[in-house]
Amino acid sequence: MASEIRRRKLRNGLTVLTERMPDVRSVCVGVWLRKGSRDETKRVNGISHFIEHLVFKGTENRSARELALAMDSIGGQMDAFTSKEYTCFYATVLDEHLPVAIEILADIVQRPLFDPVELERERQVVLEEIQMVDDSPEDLLYDLFSSSFYPGHPLGRPIQGTQESVGGFSARQLKTFFKNAYRPQNMLVVAAGNLDPGDVARQVGRAFKGLAAGTVAHGPVQPPRFHGGVATRARKELAQLHLLVGLPVFPADERGRFALHVLNALLGGTMSSRLFHKIREERGLAYSVYSAVHGFVDSGFLAIYAGTSPHKGDEVLDLALAELADLRDNGPNDQELNVAKEHLKGSLMLALESTSSRMSNLARQEIYQKRHRTLEATLAAVDAVTPGRVHRMAEEVAAGKIGLAAVGRVGRLKRSVKGLRL
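The structure contained in this document is the topic of the report that follows. The structure displayed is predicted, hence computed values, not measured ones. (Residues numbered from 1 in each chain as written. Predicted model: local features only at pLDDT ≥ 70, side-chain atom pairs only at ≥ 80, totals over all residues. Heavy atoms only, no water.)

**A few points about the pairing of strand E9 (residues 286–295)**
For E9 and strand E10 (residues 300–308), the ladder comprises eight bridges, and the chain directions are antiparallel. Directly across from Val 293, in E10, lies its bridge partner Leu 302. The turn joining E9 and E10, which pair antiparallel and follow one another in sequence, is formed by four residues. (Pairing = 2+ DSSP bridges. Helix = DSSP H or I, 4+ residues; strand = E, 2+ residues; numbered from the N terminus.)

**Considerations on the sheet that holds E9**
Ordered by their spatial adjacency, five strands build an open sheet running E7-E11-E8-E10-E9, and the pairing between neighbours is mixed. The sheet is open, and its two borders are formed by strand E7 (229–234) and E9, each paired with just one other strand. Between one strand and the next, the sheet's axes are offset by a mean angle of 15°, whatever the strand orientation. Each of E7, strand E8 (241–248), E9, E10 and strand E11 (403–408) is contacted by helix H5 (residues 137–149), which is oriented at about 145° to E11, the strand it contacts most. (Axes fitted to C-alpha atoms, helices over the stretch in contact; angles between N-to-C directions. Contact = heavy atoms within 4.5 Å.)

**Thoughts on the pattern of salt bridges**
Enumeration according to the criterion identifies 25 salt bridges in this entry. Between Arg 34 and Glu 366 there is a salt bridge, and its shortest N-O distance comes to 3.7 Å. In this pair, Arg 34 sits in the loop between strand E3 (26–33) and helix H1 (47–54) while Glu 366 sits in helix H13 (residues 355–369), placing the two residues 332 residues apart along the sequence. Given the relative accessible area of 27%, Arg 34 is considered partly exposed. Across the pair Arg 62 and Glu 103 runs a salt bridge, and its minimum N-O distance is 2.5 Å. Pair noted here: Arg 62 is in the loop between H1 and helix H2 (64–72) and Glu 103 is in helix H3 (residues 98–110), with a separation of 41 residues, a long-range link. Among the residues examined, Glu 103 registers a relative accessible area of 29% and is labelled partly exposed. A cluster of three or more residues bridged by salt bridges with shared partners is formed by Arg 62, Glu 103, Asp 107 and Arg 111. (Salt bridge = Lys/Arg side-chain N within 4 Å of Asp/Glu carboxyl O. Buried < 20%, exposed > 50% of the residue type's maximum accessible area, 1.4 Å probe, protein only.)

**Regarding the packing of aromatic side chains**
The final tally for this structure, using the stated rule, is 18 aromatic pairs. Plain terms: the ring middles of Phe 56 and Phe 89 are 6.1 Å apart, the flat faces sit at 45° to each other, and that makes the pair tilted. You can see Phe 56 sitting in the loop between H1 and H2 and its partner Phe 89 sitting in strand E5 (residues 87–94), a full 33 residues away along the chain. Judged by relative accessible area, which is 22%, Phe 56 ranks as partly exposed. For Phe 89, a relative accessible area of 1% puts it in the buried group. (Phe/Tyr/Trp six-rings, centres within 6.5 Å; stacked < 30°, edge-to-face > 60°.)

**Comments concerning the sheet that holds strand E1 (residues 4–9)**
The strand order E1-E2-E6-E3-E5-E4 describes an open sheet built from six strands, whose pairing is mixed. The open sheet has two edge strands, E1 and strand E4 (77–82), and neither has a second partner. For this sheet, the mean angle separating the axes of adjacent strands, direction not counted, is 15°. Bridge count between E1 and strand E2 (residues 15–20): six bridges; the pairing is antiparallel. Bridging from a neighbouring strand, Arg 8 pairs with Val 16 of E2.

**Describing H1**
The element H1 is largely enclosed, with a buried count of eight among its eight residues. Looking at the buried residues of H1, the elements they touch are E4, E5, helix H4 (116–134), helix H6 (163–167) and helix H7 (171–181).

**Notes on the nonpolar core**
Among the nonpolar cores identified, the biggest contains 50 residues, and Ile 51, Leu 174, Tyr 182, Met 187, Val 204 and Phe 208 are the most heavily contacted of them. When residues of this core are assigned to their parent elements, the largest contribution, eight residues, is made by H3. Those residues in contact with Ile 51 that sit more than four places away from it in its chain are Phe 114, Leu 174, Phe 177, Phe 178 and Tyr 182. Counting residues in each nonpolar core, the second largest holds 45 residues, with Leu 247, Leu 260, Leu 263 and Val 397 among its members. (Core = buried A, V, L, I, M, F, W, Y, C linked by side-chain atoms within 4.5 Å.)

**Things to note about the environment of Gly 295**
Positionally, Gly 295 belongs in strand E9. The partly exposed category is assigned to Gly 295, whose relative accessible area is 31%. As a C-alpha pair, Gly 295 and Gln 365 span 70 residues in sequence and 12 Å in three-dimensional space. With residues near it in sequence (within four places) discarded, Gly 295 still touches Glu 85, Ala 252, Gly 300 and Tyr 368.

**Side note on the packing of helix H9 (residues 257–269) against helix H15 (residues 387–398)**
At a minimum axis distance of 9 Å, the contact between H9 and H15 shows a crossing angle of 85°. Put simply, H9 runs roughly perpendicular to H15. Packed against H9, whose contacting residues are Ala 259, Leu 260, Val 262, Leu 263 and Leu 266, the element H15 presents Arg 389, Val 390, Met 393, Ala 394 and Val 397 at the interface. Within the contact of H9 with H15, the residues separate by chemical class into nine nonpolar, no polar and one charged. (Parallel < 35°, antiparallel > 145°, perpendicular 65-115°, else oblique. Nonpolar A, V, L, I, M, F, W, Y, C, P; charged D, E, K, R; others polar.)

Now the structure itself:
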């Protein structure tokens, strides 16, 4: 699919990115803030996520219902999410309604009311969301892993905050954080679809003209130190034992990321991967088993997840670590390497057929790589990954500290810190 990427910086410092996709009739536009939960202190942990909720509860121009009606009346869809390192508000609409979508998004990120009544109502909603994490073993597992292996660092704190921190937010805190964070130098407006780049830049310029230039000084963000070891959370009501093994990898902007993602695909990223075949297909030890790469601006980790019966936990761990050790010692064979690369390329191409995926991809490239790679260049980079590069990547990953988090019936798990070795 033909595409055209343009980047423009407005006078107030706001960056506008567009990708033209002439073969579609829709456009996805997003406002991205380069701030997430890692930019919060412990006292206000979860404030980025809370603000993401609250801006939809009314602006100086529209009530919450009027915001919803404005988007529904043009057949559009609007949503938002918060991560460790960014916050995004986005809308998908027919191309003819793009100016309206831009204006609505500009309204919610520039003129939220922070109404006291809505604030208290939404506080209860977020507190319920926090409780839902306790009812979701995988969510609880990832939060346990993060807090245990990034101790004392903002990356180790939950995105949604805690009962204590969210319960203590005041209107003044919310307004101050919003005012300091939502500055044009911290923001991107990104659009992908059937659009004219010049028109988009002009529309964004008009809609965001009230966003005053300026920066707020922040202390340097310290990179985290990964701590290995074992962290467990006993939950006797769970039938399964949920396991997460993590090993540190390099930041998301490193050039070796293609070899890392190919390694991940053949280790546990596909249905023909080593972990899926060995642990599920051959042994029947788990229904869900996979690996994934989690990258940040200055760190990252390769995760291996499995849900299994409590008495099978040690066997699953042995098999998972043995597969990684074999890749470290022997590297991949040609067949599995080719399958992994083709799967990765296919996943990329299928995902990027949608305007929302293109929009998100464009924004993340700007945030992490600070440059933009076409789909063709990305596919070529995947093709260029050799068995030797994957072998060296496995050696590098396997040399790091190993962390293990476990949630469920952990009493029968015999692993200790000394047992976590390749």
